[in-house]
Structure formats: C-alpha cells, structure tokens
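Examining the three-dimensional arrangement
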Amino acid sequence: MNKEYFNIKDNCRKGLLKYLSKAISIIPAIDNPLILDIGCGSGIPTLALAKNYNGTITAVDFDTKSINRLEKKVKELNLSDRITIINSSLFDLELEENQFDIIIAEGLLNVVGFNKGFSKIIKLLKKNGFFIIHDEFRNHYKKTKFIVSNNCKILDSFRLDEHVWWNDYFKCLEKEISSCKNKDFLELFKTDLHEIELFKRYPSKFISIYYIIEKY
Ligand SMILES: C[S@@+](CC[C@H](N)C(=O)[O-])C[C@H]1O[C@@H](n2cnc3c(N)ncnc32)[C@H](O)[C@@H]1O
C-alpha cells in the first residue's frame, strides 16, 4: 500500500495520543516495565510508550503490512533492542503467562469481542499489573461487571466524546484527504471516507472509553 497513505493515517492518529498519556498518568510509575501493546497496528501508541518508559515493549498485530511498517520505524529510530515485534493473532500467541507489568489494547477488543479478548489477554498480565483498554463505549455496565469478575479493579475510566473524535482525528483525516488530487491515491481512502460519512451521520456512535485496570 502507498507509503503516503500510511503517513497520513499515522499523522492523524497522533492527535489521539494525548489520551493514552492521560490513561498512563493514572497508573503508578514503574521502572523498567515489561509492556505488551496488543493489536499495535503501525505502532503509533507503541512508539509513544517507548518514549514514556525505559522498559521493553512487545508489539503484536496480525496485519502484516502494519507490522512491516512498524518494523521499519523501529529500525530507523534504533529501538530494536527495546521493541520486539510479533506478527501474530492474539489467539495464536504463545507468550508466557503472568509476565507483563503493563498491557495496552487500543481498538482491539471491539474487533475481537470484549470478553473473549479480555480473557486471553489478562492471563499475560502480572499480578498487580495494569491493563489499559481503549474500547467503543457500548455495554459499559456489562463490561465493568465482567472486568471485576476477573480479579481486576477499575482504577479509572474516561470517555472520548464525538467532539474529541472530530477535533483530534477525523478533522485531520478529512483535511488531508480533501487535499489529495491523485484519483488512484484517493481510492485508498475509500474506507476512511465512508467512516467520516458515518461519523457525520451518527457521531454519538463513535464515543469511546479508556478503562484503566489493575489485576490483583
Ligand atoms: C483499530 S486498530 C488499532 C491499532 C493501534 N492499536 C492504534 O491504536 O493505533 C486495531 C488493530 O487490531 C488488529 N487486530 C485485530 N484483530 C486482531 C487479532 N486477532 N490479533 C492481533 N491483532 C488484531 C488489527 O490488525 C488492527 O491493527
């Protein structure tokens, strides 16, 4: 896929990074943590984590194109000794259980199913480790009950409303796409244009939520 396409998507994705920083600020400082970024995509959160923490990060995604892109960035930034990249589905992962201090799942559980994904991921987290989930805001009470029933405590949660999604993501994407003149290039953004249209029609469906969780 076109490099410029990914550059635009990554650049607009960065607008939401401040909310990951807010979520991270809620958990206590950990020196040299072992971090898992599951469903890392092309790694915008992964690289932000590498800046925030002095530990090591394992980044996992089953999408090969996104993983290849992250691999390139990691090499360019000389972060290969701190970031391990795994091209795999969450459900095929064979990582040691109870090993990570912090796990991040941004935009993954709404794709794989909340309970199914949570149950697989939580096994990888250490006792007293922290799990940050960024999810669609749907079935909130069911989800909180499920989290608590898995020996976990919700330390905090906060929502990103439709204004946040517009101002910090979709506005950027729309502006970048509308400045494209090349028709073939525009074709790459078909799904994104559809998403922007859906957002404009049903903005409240795009509200999302961060859960900041501790396992005990
Ligand atoms: C909405 S994107 C979020 C990417 C990244 N976390 C971010 O916030 O920019 C969801 C990601 O989950 C990945 N994904 C979906 N199902 C997966 C699975 N079963 N195992 C691993 N990754 C998966 C997709 O390939 C995609 O990159």
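Residues numbered from 1 in each chain as written. Predicted model: local features only at pLDDT ≥ 70, side-chain atom pairs only at ≥ 80, totals over all residues.

Some details on the overall build of the protein chain
A count of helical and extended segments in the protein chain gives 10 helices and 7 strands. For 216 residues, the compact-globule estimate of 2.2 N^0.38 gives 17 Å, and the protein chain sits close to it at 17 Å. Burial statistics for the protein chain: of 216 residues in total, 31% are counted as buried. The long-range share in the protein chain, meaning contacts at least 24 apart out of those at least 6 apart in sequence, stands at 75%. (Helix = DSSP H or I, 4+ residues; strand = E, 2+ residues; numbered from the N terminus. Rg over C-alpha atoms; globule rule 2.2 N^0.38 Å. Buried ≥ 20, exposed ≤ 12 C-beta atoms within 10 Å, placed from the backbone. Contact = placed C-beta atoms within 7 Å.)

Description of the site of the ligand
Looking at the ligand, there are 19 residues lining it, with Gly-39, Gly-41, Asp-63, Glu-106 and Gly-107 nearest. Taken together, the residues of the shell around the ligand sort by class into 10 nonpolar, 5 polar and 4 charged. (Near = placed C-beta within 6 Å. Nonpolar A, V, L, I, M, F, W, Y, C, P; charged D, E, K, R; others polar.)

A look at the sheet that holds strand S5 (residues 125-136)
Spatially, S3-S2-S1-S4-S5-S7-S6 is the arrangement adopted by the 7 strands of the open sheet, whose pairing is mixed. Looking at which strands have only one partner, the edges of the open sheet turn out to be strand S3 (83-87) and strand S6 (152-160). For this sheet, the mean inter-axis angle between neighbouring strands, taken without regard to orientation, is 15°. Relative to strand S2 (residues 56-61), strand S1 (residues 34-38) is paired through 5 bridges, and the arrangement is parallel. Counted as the bridge partner of Leu-34 is Thr-56 from S2. (Pairing = 2+ DSSP bridges. Axes fitted to C-alpha atoms, helices over the stretch in contact; angles between N-to-C directions.)

Focus on unusual backbone geometry
Non-glycine residue Asn-78 carries a positive phi angle of around 55°. Mapped onto the fold, Asn-78 is located in the loop between helix H4 (64-76) and S3. The backbone phi angle of Asn-128 is positive, close to 65°, even though this residue is not glycine. Position of Asn-128 among the secondary structure elements: in strand S5. The exposure class of Asn-128 is exposed, given the 11 C-beta atoms found within 10 Å.

Comments concerning helix H6 (residues 114-122)
Listing the buried residues of H6 in full gives Gly-117, Phe-118 and Ile-121. The arc that holds every buried residue of H6, seen down its axis, measures 100°, which confines them to one face. Of the exposed residues in H6, the ones pointing more than 90 degrees away from its buried face are Lys-116 and Ser-119. On its buried face, H6 is in contact with S1, strand S4 (100-106), helix H5 (109-112) and helix H7 (140-148). (Arc of directions from axis to C-beta.)

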